[in-house]
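Remarks on the overall topology
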Amino acid sequence: MIKGTKSGTTLRSIITRMINPTEKATEVMEELGIEFYNTDGTMKSLSEIITIVNEKTSGLTEDQRTQALSTTSGQQALT
């Protein structure tokens, strides 16, 4: 079970990486067709992002999905 403080810290880390992704994370998101921003430049809601990530990674193997999520969200976020 994840405690409240740890989940809050992890969520903050994920959002920070979405706002300012690494070069490799940007590459992975582009390969998968994942976009966190609307055409007007506003960020999509967290529920929209989760849905998009789930849809775009659904055809990957477990190892591929883990690698993609680790690259885009950070290793700590996977736990």
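Presented here is a report on the structure given in the accompanying data block.

Analysis parameters
Residues numbered from 1 in each chain as written. Predicted model: local features only at pLDDT ≥ 70, side-chain atom pairs only at ≥ 80, totals over all residues. Heavy atoms only, no water. Helix = DSSP H or I, 4+ residues; strand = E, 2+ residues; numbered from the N terminus. Expected span 1.5 Å × (residues − 1). Buried < 20%, exposed > 50% of the residue type's maximum accessible area, 1.4 Å probe, protein only. Arc of directions from axis to C-beta. Salt bridge = Lys/Arg side-chain N within 4 Å of Asp/Glu carboxyl O. Contact = heavy atoms within 4.5 Å. Patch = residues over 30% accessible without salt bridge, like charges linked within 9 Å, V, L, I, M, F, W, Y side chains within 5 Å. Areas by Shrake-Rupley, 256 points an atom, 1.4 Å probe, with all protein chains shown as cover. Core = buried A, V, L, I, M, F, W, Y, C linked by side-chain atoms within 4.5 Å.

Turning next to the environment of Leu 69. If you trace the backbone, Leu 69 turns up in helix H4 (residues 62-73). Residues Leu 69 and Ser 45, spaced 24 residues apart in sequence, show a C-alpha to C-alpha distance of 18 Å.

Turning next to helix H3 (residues 46-57). Along an α-helix, residues three or four apart share an orientation, since each turn contains 3.6 residues. Taking 1.5 Å per residue, 12 residues should reach 16 Å; H3 reaches 16 Å between its end C-alpha atoms and fits that length. Within the sequence span of H3, burial applies to Ile 49, Ile 52, Val 53 and Thr 57. All buried residues of H3 project into a common sector of 110° when viewed along the axis, lining one side. The outward face of H3, more than 90 degrees from its buried face, is lined by the exposed residues Ser 47 and Glu 55.

Below, the discussion takes up the environment of Lys 6. Relative to the assigned elements, Lys 6 resides in helix H1 (residues 4-19). Looking at Lys 6, the relative accessible area reads 43%, which means it is partly exposed. Separated by 17 residues in sequence, Lys 6 and Glu 23 have C-alpha atoms that sit 26 Å apart.

Another aspect to go through is the environment of Ile 14. Structurally, Ile 14 can be placed in helix H1. Separated by 31 residues in sequence, Ile 14 and Ser 45 place their C-alpha atoms 13 Å apart.

Taken as a whole, this structure holds one salt bridge when the rule is applied. For the salt bridge of Glu 27 with Lys 24, the shortest nitrogen-to-oxygen distance reads 3.8 Å. Placement of the pair is Glu 27 and Lys 24 together in helix H2 (residues 23-32), with a separation of three residues, close to one helical turn. In this structure Glu 27 comes out as partly exposed when scored by relative accessible area, which is 33%.

In this section: the side chain of Ser 73. Locating Ser 73 in the fold gives a position in helix H4. When sequence neighbours within four positions are dropped, the list of residues in contact with Ser 73 reads Ser 13, Ile 14 and Arg 17.

Below, the discussion takes up a nonpolar patch on the surface. Nonpolar side chains collect at one region of the surface, where Leu 11, Leu 46 and Ile 50 lie side by side and expose about 230 Å² of accessible area between them. Tracing the sequence through the fold places Leu 11 in helix H1.

A few words on the nonpolar core. If you look at the biggest cluster of nonpolar residues, it comprises 11 residues: Met 18, Val 28, Met 29, Leu 32, Ile 34, Phe 36, Ile 49, Ile 52, Val 53, Ala 68 and Leu 69. Counting residues per element, the ones that place at least two in this core are H2, H3 and H4. Residues within four places of Val 53 in sequence aside, it is in contact with Ile 34, Phe 36 and Leu 69.

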